[in-house]
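# Report on the structure
These are the residues of each chain, in order.
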Amino acid sequence: MSAERRPLTVLYRGPLSSCNFDCPYCPFAKRRESRAERGTDRDALARFLRWAGEGEFQPLSVFFTPWGEAMVRSWYRDAVVELSRMPHVRRVAVQTNLSGPMTWIDECVPERVGIWATWHPAEMPLERFSARVGRLRERGISVSAGIVGTVAHREAADRLRAALPDIYVWVNAVKRDPEAMALGWEEVDPLFGWNAQAWPSLGRVCRTGNEVVTVDGVGDVRRCHFVPDVIGNLYDRSLATALSPRPCPNATCGCHIGYVHLKELALERVFGDGILERVRAPLHQTDSSFSQH
Ligand code: SF4
Ligand code: SF4
């Protein structure tokens, strides 16, 4: 086994591509998988967990960014618990609609877990969503909550903001819809301006491909979700030698899970340890010179 002990953040996206919700703005709405497809996803995650447990990279952070909803599957809930208990894992974060069973939160090491919770108003009552956010927070889990900034969600976003007065609430900009973009989202999310633009990134220094990578179900490694070139594989041990600083090859980067790794934006000043799950750091821990763009 490689003796590498450098830190690494892995965004894991296995073959899972299904969801129990029916959001009109999503290609995975109500998409179902066959039993065989679920088995393939489960096996892929088990293999990834074996790799993570070997400790090739330390400390390791893992961020589940599924196509669809993963936390309704027991193997993802078990994976969050298992990763949180690994001594060399710094963070295990996951994007979720918060509809799945919650018993896993009593089994995890809470200070290592981050939850990116998206509220979909047509699919879940706010009271249920905010109660679940409250349970995560009581347990000491780092949690952000947010909403997709469609026209239909404008009033719901205000209600979400009011229901969770002591946490950061983000809004995902729907950049293709000028009408939606003009609805004053900064009143809900003071950092909306960051998400509202496509950051020029061509040739700029980005930590992906060196300190941060994405991994799929067969272990193929890409620098990020937005650049398709495979740079190595977890399971043939080619990753350690493949990691190196490289400039971004894309013209722009407009998604939180990408542009937070653009070095010049220095968004670690804003999000601190919560950068994966989009939790804003307490103001006393952030750079006071930071101003919103
Ligand atoms: S909860 Fe997320 S993955 Fe599921 S349908 Fe809605 S947007 Fe898509
Ligand atoms: S800036 Fe965005 S698109 Fe470019 S390499 Fe980084 S994450 Fe990928």
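Structure's up top.
Residues numbered from 1 in each chain as written. Chains lettered and ligands numbered in written order. Predicted model: local features only at pLDDT ≥ 70, side-chain atom pairs only at ≥ 80, totals over all residues. Heavy atoms only, no water.

### Observations concerning the site of ligand 2
How we decide: For each residue, the test is whether any non-hydrogen atom lies within 4 Å of the molecule or strand; if one does, the residue is near. Think of a 1 Å grid over the protein atoms and nothing else: a 1.4 Å probe that fits but is trapped marks a cavity, an open set flanked by protein within 12 Å on at least five of seven lines marks a pocket, and residues with an atom within 4 Å of a point count as lining. Pocket occupancy is defined atom-wise: a molecule lies in a cavity or pocket when more than half of its atoms are within 2 Å of its grid points.
Taken together, the neighbourhood of ligand 2 is formed by Ser201, Cys206, Thr208, Arg223, Cys224, Phe226, Cys248, Asn250, Cys253, Gly258 and Leu262. Judged by the fraction of its atoms near the pocket grid, ligand 2 is located in the largest cavity.

### Topic: a negative patch on the surface
What counts, and what does not: Exposure above 30% relative accessible area and the lack of any salt bridge qualify a residue for a patch; like charges then connect within 9 Å, and the nonpolar side chains Val, Leu, Ile, Met, Phe, Trp and Tyr within 5 Å. Calculation of accessible area relied on Shrake-Rupley with a 1.4 Å probe; when residues are assessed, cover is drawn exclusively from the protein chains displayed. Throughout this description, the term salt bridge denotes a Lys or Arg side-chain nitrogen within 4 Å of a carboxyl oxygen of Asp or Glu. Charge convention: Lys and Arg are scored as positive, Asp and Glu as negative, and His as well as the terminal groups of each chain are ignored. One atom stands in for each charge, and that atom is NZ of Lys, CZ of Arg, CG of Asp or CD of Glu. Counting from the N terminus, the helices are the DSSP runs of H or I reaching at least four residues and the strands are the DSSP runs of E reaching at least two.
Judged by side-chain charge, Asp78, Glu82, Asp106 and Glu107 come together as a negatively charged surface patch. Following the sequence through the fold, Glu107 ends up in the loop between β5 (89-96) and β6 (113-118).

### Here we look at the sheet that holds strand β7 (residues 142-149)
Strand pairing in a sheet relies on backbone hydrogen bonds. The paired strands run either parallel or antiparallel. The line we're drawing: Strand pairing follows a simple DSSP-based rule, namely that at least 2 bridges must link the two strands. For helices, the fitted axis covers only the stretch in contact; all axes are lines through C-alpha atoms, and the angles between them, taken along N-to-C directions, range from 0 to 180 degrees. Throughout, a residue-residue contact means that at least one pair of heavy atoms, one from each residue, lies within 4.5 Å.
Spatially, nine strands are ordered β8-β7-β6-β5-β3-β1-β11-β12-β13 in an open sheet, and the strand pairing comes out mixed. Here the strands that pair on one side only, and so sit at the sheet edges, are β8 (169-173) and β13 (227-233). Taking the axes of each pair of neighbouring strands and ignoring which way they run, one obtains an average angle of 25° across the sheet. Relative to β7, β6 runs parallel, the two being bridged by five bridges. The partner of Ala117 across the bridge, within β7, is Ala145. Sheet strands touched by helix α1 (residues 35-54): β1 (8-12) and β3 (60-64). Its angle to β1, the strand with the most contacts, is close to 175°. Here helix α4 (residues 154-163) sits on the sheet in contact with β7 and β8, set at roughly 165° to β7.

### Notes on the environment of Leu126
Worth spelling out the cut-off: Only protein chains enter the accessibility calculation, which uses a 1.4 Å probe. A residue is then buried if its area is under 20% of the maximum for its type, exposed if over 50%, and partly exposed in between.
The topology assignment puts Leu126 in helix α3 (residues 126-138). Under the relative-accessibility criterion, Leu126 is labelled buried at 8%. Sequence separation between Leu126 and Ala156 is 30 residues, and the spatial gap between their C-alpha atoms is 8.6 Å. Beyond its immediate sequence surroundings of up to four residues, Leu126 is in contact with Trp119, Arg159, Leu160 and Ala163.

### Here's the deal with the packing of aromatic side chains
Rules: The rule is short: rings of Phe, Tyr and Trp, with Trp giving its six-membered ring, pair when the centres are within 6.5 Å, and they are stacked under 30 degrees, edge-to-face over 60, tilted in between. The rule is short: NZ of Lys or CZ of Arg within 6 Å of the ring centre and within 35 degrees of the ring normal puts a charge over the ring.
Going through the model one piece at a time under the given rule, you end up with 13 aromatic pairs. On the basis of an interplanar angle of 80° and a centroid distance of 5.7 Å, the ring pair of Tyr12 and Phe64 is categorised as edge-to-face. Taken as a pair, Tyr12 in strand β1 and Phe64 in strand β3 lie far apart in primary sequence, 52 residues in all. Residue classification places Tyr12 among the buried positions, given a relative accessible area of 1%. A relative accessible area of 1% places Phe64 in the buried class. Residues Trp185 and Phe192 carry aromatic rings whose centres are separated by 6.4 Å and whose planes lie at 35° to one another, so their mutual orientation is tilted. The exposure class of Phe192 is buried, given its relative accessible area of 2%. Aromatic rings pair up to connect Tyr12, Phe48, Trp51, Phe57, Phe64 and Tyr76 into one cluster. The residue whose ring lies beneath Arg154 is Trp185, and the NZ or CZ to ring-centre distance is 5.0 Å.

### A closer look at the site of ligand 1
Filter applied, for reference: Three classes are used, and their members are as follows: Ala, Val, Leu, Ile, Met, Phe, Trp, Tyr, Cys and Pro are nonpolar, Asp, Glu, Lys and Arg are charged, and the others, Gly among them, are polar.
In the vicinity of ligand 1, the contacting residues are Cys19, Phe21, Cys23, Tyr25, Cys26, Ala29, Gly68, Asn97 and His120. For ligand 1, the cavity whose grid points lie within 2 Å of the majority of its atoms is the largest pocket. Within the shell around ligand 1, the residues separate by chemical class into six nonpolar, three polar and no charged.

### Description of the packing of α3 against α4
The following threshold applies: By definition, any crossing whose near helix is turned counterclockwise from its far helix by less than a right angle is left-handed, and any crossing with a clockwise turn is right-handed.
Two elements in contact, α3 and α4, have axes separated by 11 Å at closest approach and are oriented at 35°. In this structure, α3 crosses over α4, and the sense of that crossing is right-handed. Contact residues: α3 offers Leu126, Phe129 and Ser130, while α4 offers Arg159, Leu160 and Ala163. Looking at the contact of α3 with α4, its residues break down into four nonpolar, one polar and one charged.

### What to know about the layout of surface pockets
Heads up, the condition is: Grid points are joined across faces, edges and corners, and a volume is the space filled by probe spheres set on the points.
There is about 1000 Å³ of room inside the largest pocket. If one sorts the elements of the lining of the largest pocket by residue count, β8 sits on top with three residues. The class makeup of the residues in the lining of the largest pocket is 18 nonpolar, 11 polar and five charged. When its volume is computed, the second largest pocket comes out at roughly 460 Å³. Lining the second largest pocket are 16 residues, and of these Thr9, Ser61, Arg90, Gly272 and Ile275 sit closest to its centre. Among the elements of the structure, β1 and β5 are those that each provide at least two residues to the lining of the second largest pocket. When its residues are assigned to classes, the lining of the second largest pocket shows six nonpolar, four polar and six charged.

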